[in-house]
Amino acid sequence: MAADVDKRTREEESKIWPQNGHRTPGSGSWIYRGMWTLLMVCAVPVLAFGIKYYQDAQLLKRHEESVRTLGAEGLFLFSSLDTDRDLYLSPEEFKPIAEKLTGITPPVDIEEEVIHDPNGEMLTLEAKMQPLRLDSMTKSKDGFLGVSHSSLSGLRSWKSPAVPSSSFSSGQFRVFLPPKNKGEVGDTWWVIPSELNIFTEYLPNNRYHPPTPKGKEVLIHTLLSMFHPRPFIKSRFAPQGAVACIRASNDFYYDIVFRIHAEFQLNDVPDFPFWFTPGQFTGNIVLSKDASHVRHFHLYVPSDRSLNVDMEWLYGASESSNMEVDIGYLPQLELQSTGPSTPSVIVDEQGNIIDSRDGSGEPIQFVFEEIHWSSEIGQQEATRRLEVTLYPFKKVSYLPFSEAFERAGAEKKLVHSILLWGALDDQSCSGRTLRETVLESSPVLALLNQSFISSWSLVKELENMQVKSNKKLILKARLHLEKYNFPVEMMVALPNGTIVHHINANFFLDQTSMKPEEEGATFSFSGGFEDPSTSTYISFLKEGLERAQEYLTQ
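Residues numbered from 1 in each chain as written. Predicted model: local features only at pLDDT ≥ 70, side-chain atom pairs only at ≥ 80, totals over all residues. Heavy atoms only, no water.

Draft legend 1. Seen up close, helix α7 (residues 401-411). Of the residues making up α7, those classed as buried are Phe-401, Ala-404, Phe-405 and Ala-408. The arc that holds the buried residues of α7, viewed along the axis, is 95°, so those residues lie on one side. Residues of α7 that are exposed and point more than 90 degrees away from the buried face comprise Glu-406 and Ala-410. Those residues of α7 hidden inside the fold are in contact with β18 (398-399), β19 (414-420), β20 (452-458), α10 (459-468), α11 (471-483) and β21 (488-493). Backbone geometry just downstream of α7 places Lys-412 in the positive-phi region, at approximately 55°. (Buried < 20%, exposed > 50% of the residue type's maximum accessible area, 1.4 Å probe, protein only. Helix = DSSP H or I, 4+ residues; strand = E, 2+ residues; numbered from the N terminus. Arc of directions from axis to C-beta. Contact = heavy atoms within 4.5 Å.)

Below, the structure is given as structure tokens:
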């Protein structure tokens, strides 16, 4: 009986244990799997941190070895080629040196498929240039005192286009055609998208050779290479790239206006980099909707402003070295088609050649019909749409100086005036931070549209206006210049030119960089969050409105 009791006890226990979960083969394996899973989850970030720490340590070690081996200036040259900053040169990164030493340029690898038609039409472009006027630079006033001759060597030697004339197949200009969802007059789109914004860093200054162009960049790079052999299609500062707008259209043709932000590197080793940044390249192209025929092409740097080029050059062998900045006037830089594109041969319906270019390469003579547009907008409106695409702050109209005061008087509004060294709406600007932040914020745009007439002016233009204008305009220009401090001054003025309020951009940026808890820092949560720069600028404008009432009631 004792044996039966003992047997029954073991059987009962064996039935009880699984129910209590104390010990089963499945439960043990589940616990082990859970522990391993938890261990792996914890190990992944630790391993990632270890790898990152090791990579950083190796990079620092390579950097120290590079300094010892190459010296500061040698490392500067090396870094100008090392685009991914890993302190190794890939074949692609070394290619500019190979091309310079061998004199052989390999064919460009084009990402987008371009169908080459041997019997397609050809377009001839001519490049024209008048070099930058050195006396327009600020540093020319003291005879370029303190500016080394090597710094300006590339600028002084650039007297004419690198390629005076070149021929292109009409199909290459397909890059200017609109995408499928942008076929209406007035539509705008990015031909080459900008990759920079207010949250991204600017591209480095210590570079000599542009990266290999890809896709639609290839044609733009080839066109700008007619001016100078080292164009950078992606500029260092936002907004980069190229935008386009359909100005006019019919069943067979488009008239497309475009704007390109690019720059040139004028110096080469051993001189330090010298960046030459035109305010913009603009122009238009009239082409068939299948890009088989180009009727007209024109690309140029606008020269209607007294200053239109920004120049920056380094004075040392590092990214943090002193950077000199100046601005100047470029009278002419343009590409123009010599005529419509034409085929090299003419064939009949059976494919027989009935005419062709003669041995001297003279084009076949054609008579082209006049193009009549079924839908179009004005050139000024097309330009405005390009500007708004590039610069959202241009949703507010910025009128010329004299026109702004006339409009303010007629509409009984104040003038919101910005006086600066370089143009506010192109790449020669000295107010990049201002236009990329506060001026494009919705609350500021709304207040400007409601209560102000806006305008921006170059300091040099107002200085010239004091000499060559009527008395009323001379007074307004003088009042503005009296309040101006480098680099940018924002002002609120009465229609008669009296300045009722003003603030310097540097002081404004200092004010808006304060922490929220500091005295005077302004945050508003009414109707949502407003950043300090927006609320501070609105306060500036509203204070201008209040001060204006004092003047108007006197």
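Draft legend 2. The arrangement of a nonpolar patch on the surface in detail. A surface patch of nonpolar side chains, about 610 Å² in accessible area, is lined by Ile-31, Tyr-32, Met-35, Trp-36 and Leu-39. Position of Met-35 relative to the elements: it lies in helix α2 (residues 25-81). (Patch = residues over 30% accessible without salt bridge, like charges linked within 9 Å, V, L, I, M, F, W, Y side chains within 5 Å. Areas by Shrake-Rupley, 256 points an atom, 1.4 Å probe, with all protein chains shown as cover. Salt bridge = Lys/Arg side-chain N within 4 Å of Asp/Glu carboxyl O.)

Draft legend 3. Broad picture of the pairing of strand β13 (residues 332-337). Within β13, five of the six residues are buried, leaving the element largely enclosed by the surrounding structure. Two elements, strand β1 (residues 121-130) and β13, share six bridges in a ladder whose sense is antiparallel. Considered in β13, the bridge of Met-129 is made with Leu-333. (Pairing = 2+ DSSP bridges.)

Draft legend 4. Quick peek at the pattern of salt bridges. Applying the stated criterion to the full structure yields 19 salt bridges. In this structure, Asp-268 and Arg-230 form a salt bridge, with 3.9 Å as the shortest nitrogen-oxygen distance. In this pair, Asp-268 is assigned in the loop between β7 (263-265) and β8 (274-278) and Arg-230 in the loop between α5 (217-224) and β4 (231-232), connecting sequence segments 38 residues apart. Owing to a relative accessible area of 14%, Asp-268 belongs among the buried residues under this scheme. Since its relative accessible area comes to 13%, Arg-230 is described here as buried. A salt bridge links Asp-425 to Lys-394, with the nearest nitrogen and oxygen atoms 2.9 Å apart. With Asp-425 in the loop between β19 and α8 (432-436) and Lys-394 in the loop between α6 (379-390) and β18, the pair connects residues that are 31 residues apart, well separated along the chain. With respect to class, Asp-425 is no different from Lys-394; both count as buried. Beyond isolated ion pairs, a larger network of salt bridges with shared partners links Glu-403, Arg-407, Glu-411 and Lys-413.

Draft legend 5. Fine view of the sheet that holds β20. Read across the sheet, five strands follow the order β18-β20-β19-β21-β22 without closing on themselves; strand pairing throughout is mixed. Only two strands of the sheet have a single neighbouring strand rather than two, namely β18 and β22 (499-504). Sheet topology note: the β19/β20 ladder contains seven bridges and is parallel. When the bridges of β20 are listed, His-416 appears paired with Ser-454.

Draft legend 6. Representation of the side chain of Ser-417. Topologically, Ser-417 is positioned in strand β19. In this structure, Ser-417 is in contact with Ser-455, His-480, Glu-489, Met-490 and Met-491, ignoring residues within four places of it in sequence.

Draft legend 7. Just the environment of His-149, in detail. Among the secondary structure elements, His-149 is positioned in the loop between β1 and α4 (153-157). A residue is classified by how much of its surface remains accessible, and His-149, at 61% relative accessible area, is exposed. The sequence separation of His-149 and Asp-271 amounts to 122 residues, and the corresponding C-alpha distance is 9.9 Å.

Draft legend 8. Examining the nonpolar core more closely. Within the largest apolar cluster, 94 residues are counted, with the highest numbers of intra-cluster contacts made by Phe-173, Phe-276, Phe-297, Ile-418 and Tyr-537. Shared between two domains, this core holds at least three residues of each, these being domain 2 (121-344 + 364-387) and domain 3 (391-513 + 529-553). Discounting residues that sit within four places of it in the chain, Ile-418 has contacts with Tyr-398, Leu-424, Leu-434, Leu-439, Ser-455, Trp-456, Ser-457, Val-488, Glu-489, Met-490 and Tyr-537. Among the nonpolar cores identified, the runner-up in size contains 19 residues, and Ala-408, Val-459, Tyr-484 and Met-491 belong to it. (Core = buried A, V, L, I, M, F, W, Y, C linked by side-chain atoms within 4.5 Å. Domains from an automatic or database assignment.)

Draft legend 9. Molecular detail of the sheet that holds β7. Strand order in the open sheet formed by five strands is β4-β7-β8-β11-β12, with antiparallel pairing between adjacent strands. With one partner strand each, in any of the chains shown, β4 and β12 (323-328) form the two edges of the open sheet. Taken together, the six bridges between strand β11 (residues 309-314) and β12 define a ladder with antiparallel strand orientation. If you follow Met-311 over to β12, its bridge partner there is Asp-326.

Draft legend 10. Region of the structure containing the packing of aromatic side chains. With the rule as written, the count across this model stands at 18 aromatic pairs. Aromatic side chains Phe-176 and Phe-297 sit 6.1 Å apart centroid to centroid with 55° between the ring planes, which places their arrangement in the tilted category. Of the two residues, Phe-176 sits in the loop between β2 (165-169) and β3 (188-192) while Phe-297 sits in strand β10 (residues 294-300), which places them 121 residues apart along the sequence. On the basis of relative accessibility, which here comes to 0%, the residue Phe-297 falls in the buried class. Relative to Phe-281, the ring of Phe-264 has its centre 6.0 Å away and its plane inclined at 80°; by these criteria the two rings are edge-to-face. Taken as a pair, Phe-264 in strand β7 and Phe-281 in strand β9 (residues 281-288) lie far apart in primary sequence, 17 residues in all. Residue class for Phe-264 comes out buried when judged on its relative accessible area of 1%. Phe-281 gets classed as buried once you look at its relative accessible area, which sits at 0%. What links up through ring pairs into an aromatic cluster is the set Trp-158, Phe-227, Phe-264, Phe-276 and Phe-281. (Phe/Tyr/Trp six-rings, centres within 6.5 Å; stacked < 30°, edge-to-face > 60°.)

Draft legend 11. Fine view of the pairing of β20. Most of β20 sits inside the fold, with seven of its seven residues counted as buried. Where burial is concerned, the two faces of β20 agree: the one with Phe-452, Ser-454, Trp-456 and Leu-458 and the one with Ile-453, Ser-455 and Ser-457 are both buried. For β18 and β20, the ladder comprises two bridges, and the chain directions are parallel. Within the sheet, the bridge partner assigned to Tyr-398 lies in β20 and is Ser-454.

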